[in-house]
Amino acid sequence: MGAPEANDEERMLGSTPGVPALGRGPLPGGRHSRHEYHHAAAGWGAARSVERVLARAGEPVEGFRALLVMNHEDGGFDCPGCAWPDDPSGLRLDICENGIKHVSWELTPPHADAEFFSSHTVSELRAWTDHHLEAVGRLAEPMSYDPDTDMYRPISWDDAFALVGEALRGLDDPNRAAFYTSGRLSNEATFLYQLWVREFGTNNLPDCSNMCHEASGRALTPAIGSGKGTVDLNDWEQADAIWLMGDNAASNAPRMLTWLAEADRRGAQLVHINPLIEAASRRTIVPHEYADMATFRTTRIGTMNVQVRIGGDLALLRGVAKALFETPEALDQDFIDRYTHGFEEYRELVEATPWADLVRDSGVDEAGIRALAESYRRSERLIIAWCLGLTQHEHGMDTVREIVNVLLLRGNIGREGAGPCPVRGHSNVQGNRTCGVNHRPDKAFLDRLAEVCGIDPPRAHGLGVVETVEAMRRGDVRVFVSLGGNFALAAPDLVATAEALRGCDLTVQVSTKLNRSHLVHGKRALILPCLARSDTDVQASGPQGVTVEDAMSMVHISYGMKAPPSRHLRSECAILSGMARATLPDSRTPWQSYVDDYDRIRDTMSRVLDGFEDFNRRARHPHGFRIRQLARERVFQTASGRAEFSHAPLPDDVDPGAGRLLLATVRSHDQFNTTIYSNDDRYRGLKGLRTVVFMNDDDMRERGIGEFDLVDVTSFARDGTTRRVYGYRAVRYEIARGCAAGYMPELNVLCGLADRSADSGQPVTKHLVVEVTRAGR
Ligand SMILES: Nc1nc2c(c(=O)[nH]1)N[C@H]1C(S)=C(S)[C@@H](COP(=O)(O)OP(=O)(O)OC[C@H]3O[C@@H](n4cnc5c(=O)[nH]c(N)nc54)[C@H](O)[C@@H]3O)O[C@H]1N2
Ligand SMILES: Nc1nc2c(c(=O)[nH]1)N[C@H]1C(S)=C(S)[C@@H](COP(=O)(O)OP(=O)(O)OC[C@H]3O[C@@H](n4cnc5c(=O)[nH]c(N)nc54)[C@H](O)[C@@H]3O)O[C@H]1N2
Ligand SMILES: [Mo]
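Residues numbered from 1 in each chain as written. Chains lettered and ligands numbered in written order. Predicted model: local features only at pLDDT ≥ 70, side-chain atom pairs only at ≥ 80, totals over all residues. Heavy atoms only, no water.

As for the sheet that holds strand β30 (residues 768-774)
And then number 1: Reading around the circumference, β22-β29-β26-β28-β27-β30 is the order of the 6 strands in this closed barrel, with mixed pairing throughout. Neighbour-to-neighbour, the strand axes of the sheet open up by a mean angle of 45 degrees, direction not taken into account. (Pairing = 2+ DSSP bridges. Helix = DSSP H or I, 4+ residues; strand = E, 2+ residues; numbered from the N terminus. Axes fitted to C-alpha atoms, helices over the stretch in contact; angles between N-to-C directions.)

Some words on the site of ligand 1
And then number 1: Contacts to ligand 1 come from 32 residues, most closely from Asn274, Glu278, Gln671, Asn673 and Lys766.
And then number 2: Asn252 has a polar backbone atom sitting 2.8 Å from a nitrogen atom of ligand 1.
And then number 3: In this structure, Arg667 approaches ligand 1 through a main-chain N or O atom, which is 2.8 Å from an oxygen atom.
And then number 4: The fraction of the free accessible surface of ligand 1 (920 Å²) that becomes covered by protein chains is 99%.
And then number 5: Every element with two or more residues in the shell around ligand 1 is listed here: α4 (97-106), α12 (249-252), α20 (388-391), β22 (661-666) and β23 (671-672).
And then number 6: Broken down by class, the residue content of the shell around ligand 1 amounts to 13 nonpolar, 14 polar and 5 charged.
And then number 7: Inspection of the shell around ligand 1 shows a minimum of three residues originating in each of domain 1 (8-31 + 657-774) and domain 3 (214-422). (Near = heavy atom within 4 Å. Polar contact = N/O pair within 3.5 Å; in protein donor to acceptor, adjacent residues only side chain to side chain. Areas by Shrake-Rupley, 256 points an atom, 1.4 Å probe, with all protein chains shown as cover. Nonpolar A, V, L, I, M, F, W, Y, C, P; charged D, E, K, R; others polar. Domains from an automatic or database assignment.)

Observations regarding the environment of Ser646
And then number 1: Residue position: Ser646 is located in the loop between β21 (643-644) and β22.
And then number 2: Relative accessible area serves as the criterion here: at 9%, Ser646 is assigned to the buried category.
And then number 3: With 304 residues separating them in the primary sequence, Ser646 and Gly342 have C-alpha atoms 7.2 Å apart.
And then number 4: Once residues within four sequence positions are removed from consideration, Ser646 is found in contact with Tyr346, Arg401, Glu402 and Asn405. (Buried < 20%, exposed > 50% of the residue type's maximum accessible area, 1.4 Å probe, protein only. Contact = heavy atoms within 4.5 Å.)

Some details on the packing of aromatic side chains
And then number 1: Throughout the structure, instances matching the rule amount to 24 aromatic pairs.
And then number 2: Between the aromatic rings of Trp157 and Phe161, the centroid separation amounts to 5.6 Å while the plane-to-plane angle is 40 degrees, which identifies the pairing as tilted. Residue Trp157 and its partner Phe161 are both found in helix α8 (residues 157-169); the two are separated by 4 residues, about one turn of the helix.
And then number 3: Ring centres of Phe335 and Tyr339 lie 5.2 Å apart, and the angle between their planes is 35 degrees; this geometry places the pair in the tilted category. (Phe/Tyr/Trp six-rings, centres within 6.5 Å; stacked < 30°, edge-to-face > 60°.)

Section: the pairing of strand β6 (residues 269-273)
And then number 1: Of all the 5 residues making up β6, 5 are buried; the element is thus mostly covered by neighbouring parts of the structure.
And then number 2: Of the two faces of β6, the one holding Gln269, Val271 and Ile273 and the one holding Leu270 and His272 are both buried throughout.
And then number 3: Sheet analysis places strand β5 (residues 241-245) next to β6, joined by 5 bridges and oriented parallel. Counterpart to Trp243 in the pairing with β6 is Val271.
And then number 4: Bridge analysis of β6 against strand β9 (residues 304-306) gives 3 bridges, and the strand direction is parallel. Looking across to β9, one finds that His272 is bridged to Asn305.

What about the site of ligand 2?
And then number 1: In the vicinity of ligand 2 there are 30 residues, among which Tyr180, Ser182, Glu572, Thr674 and Asn748 approach most closely.
And then number 2: Take Tyr180: an N or O atom from its side chain is 2.7 Å from an oxygen atom of ligand 2.
And then number 3: In this structure, an oxygen atom belonging to ligand 2 sits 2.8 Å away from a side-chain N or O atom of Ser182.
And then number 4: For ligand 2, the protein covers 97% of the area, taking 920 Å² as the surface of the free molecule.
And then number 5: Residue composition of the shell around ligand 2, by class: 10 nonpolar, 14 polar and 6 charged.
And then number 6: Taken together, domain 1 (8-31 + 657-774) and domain 2 (114-211 + 428-613) each give at least three residues to the shell around ligand 2, which thus spans both.

In short, shape yes, function no, at least from these values alone.
If you want it as structure tokens, here you go:
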């Protein structure tokens, strides 16, 4: 592993013709390999990989102690990884390989300190890969960018807050600032954040949801009157069919494997709908079954794999509906009559759609679609779960609504063991929305906020992620504040996003680890280091807990367990209150009192937020509480007061054009979004390489491309512009014909700002139109 070189920055962008691109993981040693993965998902390979990560983190004993209480009812802290719920029965140990990686990565020593920053210029650090930046360790103290030396220098908290306040008060319009959130922020910090931002006077609250499940929330609301799923883990125990659409559970929600394996054991139908055949669709050892791991006994999971083409899910679901309509007894007519609206129109639309169109658009033959419908017909209770494979598309909202349509046909909403289940990403991304991070807040929420908090919140909608990048590029947004996350690498079109950030007067990053967003900064820049979820948080009234909401609307309190790695760190609530006071000197909001005792934040929240009554008491209940979900009780707060069938036309963008492919950007097994642990992707059988394009054998042969050949990838954006990465490697994979896949964030280069859904505003990062050619041609 060599030292980084100056042109490595270019190579990470893949922008040098004829030179192999560099991934954002550890510097590759030049060796990469491919093997078929025959073992179970989450078996011994997972255990060994955990060992390696813990060894690297350097604090195995502390690390293990923190891990063993993670996700447990008595005093543990909530896993900062994915949003899959804990097991309320406590019967399942429920820690997973990837959760362990995320926590141990958080528990690293604070080596990103003043000494570190005084030894490296920012230009020098830019040539480091993103893995190396985070591997430095935890951020140790507040730092401010000094343009004269091109280095970050220590700054006191008071001076940092004053700088933020001054910059914001100096703007001629509050809408010239934007405030980003990544989904790890606690509910309490989220509430303070949006309160500060709205009291300051803008709704510019872009968040990672804008790139993640925005389509799910926006589609579910008009369909069932709530933007959230209706199921909980009890339903997962009762379902006799579970469809997993566009979700790589083995890597991204490993604790779900437990539930899939149990469902399989009781004979439930499990269907994986994905253009890639992923590991979780075959066999697994569920994370808590250590005895099984010792004996290599695997649990079969996956009764059916439906290899849809990219963007073909709506057509597939409509085909299922078409087959169901052939046997009226398959429909729950009673439910449809009592609880739904728009059924006849939907039936006409479906019946008028020829099989040929459905087969062409889904990429699944008629027999395959009918087999799926038959499986549904045989199942009494169906859960349809989905993740990014469905949302990061132009027609993501229509597809989510088609899921609801298909569930409604057999009365599968509002009863045990059935319903829609968006699998959320970040551990608290759902809670961020509930607690007010939303650039399109509804009137009722703003009215309550105004009344309870005595502020006058702005009413006009604010900017989402891509709109923020565009506004920064135009010079309309001058100050950018980021609570967690890594905007510079997570947003589309990395080159345009970097230009946008560099144009700002001030960028402020509240973070735990060094990342690209600290190096791609505004004229002035601050790094404000905060406590992580695993750190103890002591304020005037004593140790503080914070709450999160999981993907199934369960809210529970969590306490950090470990002494903070540096005494200079502050909690997110304290940093927010410091920035708020400096920005709003005349504010009547009791900022300091909120920080002294988070119960006071929760008291205010209980008066503003629906379903948070008696918040302080209920959050301390052993497993917290479930936010009431009316759709679960078949009360649909929609325009008609019933669940709404939708009537979208079939998407018109499934054919990328002659010679072109549709490319989906996905995660490897060894990364958490922009945090890259290694260059391996165990379940896909790949070692030592991230700059790859997974392709179908026939598509490779047609282009004269062999395994590991160097290829260039050109993308065609909607505004007619093209983007290119050079020096990637083709890898043969069981992926639908005409489709390709590669890793985010490397391939974010290929997604133009114009490549976003007109419906949801989401970048279409699972639906890029590309050409793959042998390198140098
Ligand atoms: N370990 C780990 N856990 C994570 C994360 C992580 O990076 N690492 N990220 C977290 C976050 S923020 C999120 S949002 C989730 C993401 O969880 P996932 O949604 O599982 O993430 P992706 O890797 O983007 O993969 C999406 C899946 O969609 C499939 N797909 C692509 N296009 C289509 C399509 O057109 N139709 C269908 N049906 N499928 C398609 C891909 O083959 C892939 O299996 O995971 C969360 N959990
Ligand atoms: N092409 C493409 N692009 C994508 C996606 C895709 O599938 N394809 N997925 C999108 C999705 S689903 C998402 S959610 C976004 C993710 O976008 P982000 O949420 O912006 O990115 P992360 O990589 O999760 O952020 C990691 C950083 O968060 C900071 N951090 C970690 N823990 C904490 C904490 O407790 N507090 C604070 N303040 N900071 C912390 C650390 O400094 C770390 O470097 O990316 C999106 N971008
Ligand atoms: Mo996400």
